[in-house]
Amino acid sequence: MPTSLVTGGAGFLGSHLCDELLRRGHRVICVDNLETGSLNNIEHLRGDEFVHVNVDIIGPYFIDEPVDFVYHFASPASPIDYLRIPLQTLKVGSYGTHNTLGLAKRHRARFLTASTSEVYGDPQVHPQPESYWGHVNPIGPRSVYDEAKRFSEALVMAYHRYYKVDTRLVRIFNTYGPRLQSSDGRVISNLMTQALHGEDLTIYGDGSQTRSFCYVSDEVEGILRLSRSEEHLPVNIGNPVEWTILECAREILEVTGSKSKIRFEPLPQDDPVQRRPDITKAKRLLGWEPKIDLRTGLKLCLEYFRQSVERGEKATLAFSSQPQVR
Ligand code: UDP
């Protein structure tokens, strides 16, 4: 039975990855210090094949038993979170990636890291192919995340080139599904939560900015196909259907049957104007493309958001949280 180590395994994407690895017969070591992850996401994963190790990977950490695959998914990922803990975000993308690469090297494990569409910044090439180098503000508020992920990519390629570590790089575009925290401030969680509370849906700017939303099961399938492939260079995994934020809000109103109104609020600094993956490479190399459209995906997470609204969970607005340095 292969052993997979998943950093950030108690997070949204990491926990879905743990589920799928277990389903495919792996033993899973979930490494997560619960800074933004949650035990709620892994409480159903008890048994001999699953273990949670609560450790902060920005310091060296060691696992004694053999590890075959390392999936490095630890990082705050929602703008609200990485603006709240900017230094931890920079450290997990640098020291955390370094330590995790060192672990993979020692175990001779295959290593896959979660990179992001944010490496393209506010893109001037549209849609974004992997060959695009991006348009990132290196000192803006989002830079703590974008540059950490870009540095992570550089580290991974260096470990591949100089130490011959067997690495993979996935660039993940906006992903949604159950376990997205209602309060994480992202567009789908905020608008679903607001719609189900009957509160105004907050649209930042005029809502003409675009995103392309991938349902979590499609995303995980693409990631696992990449981990089985022999491709060392980055691969975009995301849904290429592009929505304006206003169109997305209308879908959410339809799916929830909510009578909420739309309220326009200021656009956060450096908010990308457009984002859409070019997935030609994933289609060609992995035979992968997403199957679940936005309407279907929103319906699939309706019950999850209903339950979190019943527990009283609320959306978080960008302008209500100030960046803090601890
Ligand atoms: N957004 C919005 N209202 C919200 C939350 C987000 O209009 O309540 C917008 C945000 O300004 C951005 C888009 O939705 O243009 C996607 O934001 P998100 O935080 O989900 O992720 P991003 O793709 O920006 O990292």
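Please read all numbers here as calculations on a predicted model, not as lab measurements. (Residues numbered from 1 in each chain as written. Predicted model: local features only at pLDDT ≥ 70, side-chain atom pairs only at ≥ 80, totals over all residues. Heavy atoms only, no water.)

A. Local environment of the overall build of the chain. Helix and strand counts for the chain stand at 9 helices and 13 strands. Taken against the 2.2 N^0.38 rule, which gives 20 Å for 326 residues, the C-alpha radius of gyration of the chain at 19 Å falls within 12% of a compact globule. Based on the C-alpha atoms only, the size of the chain along its principal axes is roughly 55 × 45 × 45 Å. Summarising the internal contacts of the chain: among those between residues at least 6 apart in sequence, 81% fall at separations of at least 24. For the chain, the separation between the mean place of its 38 positive charges and that of its 41 negative charges on side chains is 3 Å. (Helix = DSSP H or I, 4+ residues; strand = E, 2+ residues; numbered from the N terminus. Rg over C-alpha atoms; globule rule 2.2 N^0.38 Å. Contact = heavy atoms within 4.5 Å. Lys, Arg positive; Asp, Glu negative; His and termini not counted. Charge placed at Lys NZ, Arg CZ, Asp CG, Glu CD.)

B. Expanded view of the packing of aromatic side chains. Going through the model one piece at a time under the given rule, you end up with 7 aromatic pairs. Aromatic pair Tyr82 and Tyr145: ring centres 4.5 Å apart, planes at 5°, arrangement stacked. Placement of Tyr82 in helix 2 (residues 79-84) and of Tyr145 in helix 4 (residues 143-163) is noted, with a sequence separation of 63 residues between them. Both residues of the pair, Tyr82 and Tyr145, belong to the buried class. In this arrangement the basic side chain of Lys105 is found over the ring face of Tyr163, its NZ or CZ atom lying 4.3 Å from the centre. (Phe/Tyr/Trp six-rings, centres within 6.5 Å; stacked < 30°, edge-to-face > 60°. Buried < 20%, exposed > 50% of the residue type's maximum accessible area, 1.4 Å probe, protein only. Lys NZ or Arg CZ within 6 Å of the ring centre and 35° of its normal.)

C. Broad picture of the site of the ligand. Residues in contact with the ligand amount to 17 residues; listed here are only the nearest, Thr202, Tyr204, Arg211, Asp271 and Arg275. At 2.9 Å, a side-chain N or O of Asn174 approaches an oxygen atom of the ligand. Contact distances for the ligand include 2.8 Å between an oxygen atom and a backbone N or O atom of Val187. Here the ligand has 520 Å² of accessible area as a free molecule, and 95% of this is covered by the chains. Of all elements in the fold, only helix 5 (187-197) and strand 8 (201-204) reach the threshold of two or more residues within the shell around the ligand. Considering each element in turn, the shell around the ligand owes the most residues, 3 residues, to strand 8. Residues that form the shell around the ligand fall into these classes: 6 nonpolar, 5 polar and 6 charged. (Near = heavy atom within 4 Å. Polar contact = N/O pair within 3.5 Å; in protein donor to acceptor, adjacent residues only side chain to side chain. Areas by Shrake-Rupley, 256 points an atom, 1.4 Å probe, with all protein chains shown as cover. Nonpolar A, V, L, I, M, F, W, Y, C, P; charged D, E, K, R; others polar.)

D. Inspection of the pattern of salt bridges at higher detail. This structure, assessed with the given rule, holds 25 salt bridges. For the salt bridge of Arg110 with Asp166, the shortest nitrogen-to-oxygen distance reads 2.9 Å. In this pair, Arg110 is assigned in strand 5 (residues 110-116) and Asp166 in the loop between helix 4 and strand 6 (167-172), connecting sequence segments 56 residues apart. When its relative accessible area of 18% is taken as the criterion, Arg110 is described as buried. With its nearest N and O atoms 2.8 Å apart, the salt bridge here joins Arg168 to Asp166. Assessed through its relative accessible area of 0%, Arg168 is described here as buried. For Asp166, a relative accessible area of 25% gives the class partly exposed. One continuous salt-bridge network, built from bridges that share partners, spans Glu20, Arg23, Arg24, Glu221 and Arg225. (Salt bridge = Lys/Arg side-chain N within 4 Å of Asp/Glu carboxyl O.)

E. Quick peek at empty space enclosed by the protein. Using the criterion set out here, one finds 1 cavity of 30 Å³ or more in the structure. What lines the largest cavity is simply His72, Ala74, Ser75, Val92, Gly93, Thr97, Thr113, Ala114, Lys149 and Ser152. Sort the elements by how many residues they give to the lining of the largest cavity and helix 3 (residues 86-107) lands first, with 3 residues. Taken together, the residues that form the lining of the largest cavity break down as 3 nonpolar, 6 polar and 1 charged. (1 Å grid on protein atoms, 1.4 Å probe; cavity = no way out; pocket = protein on both sides within 12 Å on 5 of 7 lines; lining within 4 Å. Points joined across faces, edges and corners; volume = space filled by probe spheres on them.)

F. Molecular detail of helix 3. The terminal C-alpha atoms of helix 3 lie 31 Å apart, and with 22 residues this matches the ideal 32 Å at 1.5 Å per residue to within 8%. A maximum bend of about 35° is found in helix 3 at Val92. Of the residues one or two after helix 3, Arg108 is the one with positive phi, at around 50°. (Expected span 1.5 Å × (residues − 1). Bend = angle between axes of the 7 residues up to and from the residue.)

G. Expanded view of the pairing of strand 8. Alternating positions in strand 8 separate into two faces, Leu201 and Ile203 on one and Thr202 and Tyr204 on the other, with burial throughout. Here strand 8 pairs with strand 13 (residues 262-265) via 4 bridges, running parallel. Note that in strand 13 the partner of Thr202 across the bridge is Arg263. (Pairing = 2+ DSSP bridges.)

H. Structural detail: the sheet that holds strand 3 (residues 50-53). Spatially, the 7 strands line up as an open sheet ordered 3-2-1-4-5-6-11, and their pairing is parallel. The sheet is open, and its two edges are formed by strand 3 and strand 11 (235-237), each paired on a single side. Looking at each pair of strands side by side, their axes are set apart by 20° on average, direction ignored. Note that strand 4 (residues 69-72) and strand 5 share 4 bridges and pair parallel. Along strand 5, the bridge assignment pairs Val70 with Phe111. Contacts between helix 1 (residues 12-23) and the sheet are confined to strand 1 (3-7), strand 2 (27-31), strand 3, strand 4 and strand 6, with strand 1 contributing the most and set at about 170° to the helix. Along the sheet, helix 4 makes contact with strand 5 and strand 6, crossing strand 5 at roughly 155°. (Axes fitted to C-alpha atoms, helices over the stretch in contact; angles between N-to-C directions.)

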